[in-house]
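Chain and residue survey
Listed below, chain by chain, are the residues.
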Amino acid sequence: MLNIHEYSSILIHGGRVIDPYCGRDEVADVAIVGGRYTERAGAGAREIDAAGLIVCPGLADMHVHLREPGQSHKETIETGTAAAAAGGFTLVACMPNTTPPIDSPDVVRWIIERSRETGYCEVAPVAAITRGRAGKDVTDFAALLEAGAVAFSDDGAGVDDEAVMLAAFQQAARLDTLLIQHCEFRHISAGGVMHLGEVSRRLGLPGLDPRSEEAMIERDIDLSRKTGGRYHVAHISTAKAVELVRRAKREGLPVTAEVCTHHLLLTDEACAGADPNTKMHPPLRQRDDVDACRRGLLDGAIDCIVTDHAPHTSAEKAAGFLKAPAGIVGLETALGVAADAMIATGAAGWPELVRWFTAGPSRALSRPPHPIQHGQEANLTIVHPTHRWVVRPDDFLSKGRNAPFGGWRLTGQAVATIRGGRLLLTSHSATDCGLIPI
Ligand SMILES: [Zn+2]
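Below you will find a few notes about this structure. (Residues numbered from 1 in each chain as written. Predicted model: local features only at pLDDT ≥ 70, side-chain atom pairs only at ≥ 80, totals over all residues. Heavy atoms only, no water.)

1. Some remarks on the packing of aromatic side chains
Taken as a whole and assessed by the stated rule, the structure comprises four aromatic pairs. Seen in terms of ring centroids, F169 and Y231 are 5.7 Å apart; in terms of plane orientation they differ by 40°. Their pairing is tilted. With F169 in helix 4 (residues 162-175) and Y231 in strand 14 (residues 230-233), this pair connects stretches of sequence that are 62 residues apart. Accessibility classification places F169 together with Y231 in one group, the buried group. Ring geometry for F405 and W408: centres 4.9 Å apart, planes at 90°, overall edge-to-face. Since its relative accessible area comes to 1%, F405 is described here as buried. (Phe/Tyr/Trp six-rings, centres within 6.5 Å; stacked < 30°, edge-to-face > 60°. Helix = DSSP H or I, 4+ residues; strand = E, 2+ residues; numbered from the N terminus. Buried < 20%, exposed > 50% of the residue type's maximum accessible area, 1.4 Å probe, protein only.)

Set out below in structure tokens:
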């Protein structure tokens, strides 16, 4: 449950302010008046004791499936953004594999309006690269940008045809917008449902060859080199793929990449019980790949962490590993899972983790920064970094229960988000922190 309050003034006391936009990491008070950061709080301000908590710019997830329009049995903009806010996100970019797909200005506008009416965070629509996501005719990028699209992707599928992708890159370069590719050549992945390896052989399930991802990234980096178009690898998952992006960056190409929380923690061994809640595209890979994704974040080859939040109904997921749709929900577990992978292992600290959820995605999407600075509109997240909690999918605000982390103990959870004068408290951890009186 989310508790929503509007205040003319808010004063956050004594939190650790981590702001990657201005390189800040210090204990300080943050005051908000009329929805903007100010020197001093107003009279009668709502006070929040943030001792021991982290105060950072609002988190962003640039890869989320909100399922509307057309698939509201899986999720709605209302439930998906409630899950996002509960996870600490103030912005999500939503993918176009809806019904109809986000391939017309009308659908882009509908999503933005709907999110303003029913949403709990900002929603940035990613429009389709091709009409109907069919991989044949490139959409009208200029019209879609004008309507409010922030980037382009056929996510759920890669654009196989090189001539089509070249045309997309030429438009992207001309309009200085971003192409986000779901990297998977279908003639190579060939119906695979999990990583091609020992576990897929043991289970007798069709394996998904990692070269399907790597070959598409190689082709697209080449197209970016030829056209100058900005290119972002969605849900990177293999060691070689990370190396390809690293080299492209060294070459100075406008290439970025994201990694999913689950690809930082789980391997295909998690699929050994054939639980459909461990089925996703790209699939869970091997130890070397997980290690390479972590290293990629640390050395900057990978820019940000995403969830690829992909809700499905329990009935759909009950179809068994072979037939169940791919995808898992992640918005409400993202921070804890990422902290488990990157902080509990000693690989990184909260300043890095905050960067991968704020400045990282914001730069990849060319969004304006939202530092915690006087005069800026308030847009922040409060995190309890040491809060230990148990993942209970039945408590999710998302309609989806399809998570592989049910019953896991995680450390670190969002307590609240603030946008303007609007305070959203996520009840579980906010209660534990005493922000909501029991
Ligand atoms: Zn995808």
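2. Looking at the pattern of salt bridges
Enumeration over the complete set of coordinates arrives at 25 salt bridges. Among the salt bridges present, the one from R422 reaches E6, with a minimum N-O distance of 3.8 Å. With R422 in strand 19 (residues 422-426) and E6 in strand 1 (residues 2-6), this residue pair connects regions lying 416 residues apart in the sequence. Here R422 falls in the partly exposed class, since its relative accessible area comes to 30%. Between D220 and R219 there is a salt bridge, with its nearest N and O atoms 2.8 Å apart. (Salt bridge = Lys/Arg side-chain N within 4 Å of Asp/Glu carboxyl O.)

3. Regarding the coordination of the zinc ion
Protein-derived coordination of the zinc ion comes from D155 (OD), H182 (ND1) and H235 (NE2), at a distance range of 2.0 to 2.3 Å. Read from N- to C-terminus, the donor residues coordinating the zinc ion fall into the pattern D-x26-H-x52-H. Here the residue D155 occupies a position in the loop between strand 10 (151-152) and helix 4, and H235 occupies one in the loop between strand 14 and helix 8 (239-250), the gap between them amounting to 80 residues. A relative accessible area of 2% places H235 in the buried class. (Donors = N, O, S within 2.8 Å, 3.2 Å for Na, K, Ca; no water.)

4. Description of unusual backbone geometry
That bond from E68 to P69 is cis: its omega, 5°, falls within 30 degrees of zero. In this structure, P69 sits in the loop between strand 7 (59-64) and helix 1 (77-86). P100 follows T99 through a cis peptide bond whose omega is 0°. By secondary structure assignment, the location of P100 is in the loop between strand 8 (89-94) and helix 2 (105-118). Its identity is not glycine, yet R67 carries a phi of approximately 70°, on the positive side. Assignment of secondary structure puts R67 in the loop between strand 7 and helix 1. On the basis of relative accessibility, which here comes to 6%, the residue R67 falls in the buried class. Located in the positive-phi region is H235, a residue other than glycine, with phi close to 25°.

5. Examining empty space enclosed by the protein
Where empty space is left becomes clear once a probe the size of a water molecule has been rolled over the atoms. Inspection of every chain in the model, using the stated rule, returns three cavities of 30 Å³ or more. Space inside the largest cavity adds up to approximately 40 Å³. Around the largest cavity, the lining residues are H182, C183, E184, L208, S212, E213, H235, P282, P283 and R285. What the second largest cavity holds in volume is close to 40 Å³. As for the second largest cavity, its lining consists of A86, G87, L331, E332, T333, A334, L335, G336, W389, G412, Q413 and A414. Considered class by class, the residues forming the lining of the second largest cavity number six nonpolar, five polar and one charged. (1 Å grid on protein atoms, 1.4 Å probe; cavity = no way out; pocket = protein on both sides within 12 Å on 5 of 7 lines; lining within 4 Å. Points joined across faces, edges and corners; volume = space filled by probe spheres on them. Nonpolar A, V, L, I, M, F, W, Y, C, P; charged D, E, K, R; others polar.)

6. Concerning the environment of G135
Looking at the secondary structure, you find G135 in the loop between strand 9 (122-127) and helix 3 (141-147). Measuring from C-alpha to C-alpha, the distance between G135 and S8 comes to 49 Å, with 127 residues separating the pair along the chain. G135 has contacts with T130, D154, D161 and V164, leaving out every residue within four places of it along the chain. (Contact = heavy atoms within 4.5 Å.)

7. Points about the layout of surface pockets
Space inside the largest pocket adds up to approximately 430 Å³. If you go around the largest pocket, you meet 27 residues; those closest to its centre are N97, G156, H182, H281 and A326. Here the residues of the lining of the largest pocket are counted per class, giving seven nonpolar, 14 polar and six charged.

8. Some points on the side chain of T76
One can find T76 in the loop between strand 7 and helix 1. Residues contacting T76, with those up to four places away along its chain left out, are L66, E68, T81 and K399.

9. Some thoughts on helix 8
With twelve residues, helix 8 extends 17 Å from end C-alpha to end C-alpha; this agrees with the ideal 16 Å at 1.5 Å per step. Taken together, the buried positions of helix 8 are A241, V242, L244, V245, R246 and A248. Buried residues along helix 8 sit against helix 7 (211-227), strand 14, strand 15 (255-260) and helix 9 (287-299). Phi turns positive, to about 90°, at G252, one or two residues after helix 8. (Expected span 1.5 Å × (residues − 1).)

10. Points about the packing of helix 1 against helix 2
Two elements in contact, helix 1 and helix 2, have axes separated by 9 Å at closest approach and are oriented at 65°. Seen along the crossing, helix 1 lies across helix 2 with a hand that is right-handed. From helix 1, I77, E78 and T81 reach across to helix 2, where they touch W110, I111, R114, S115 and T118. The residue inventory of the contact of helix 1 with helix 2, partitioned by class, reads three nonpolar, three polar and two charged. (Axes fitted to C-alpha atoms, helices over the stretch in contact; angles between N-to-C directions. Left-handed = near helix turned anticlockwise from the far one by under 90°.)

11. A look at the pairing of strand 18 (residues 409-419)
For strand 18, the buried fraction is high: eight of the eleven residues fall into the buried class. In this structure, strand 18 lies alongside strand 19, joined through four bridges in antiparallel fashion. Residue pairing for strand 19: I418 is matched across the bridge by L423. Joining the antiparallel neighbours strand 18 and strand 19 is a turn of two residues, in which G420 adopts a positive phi near 60°. (Pairing = 2+ DSSP bridges.)

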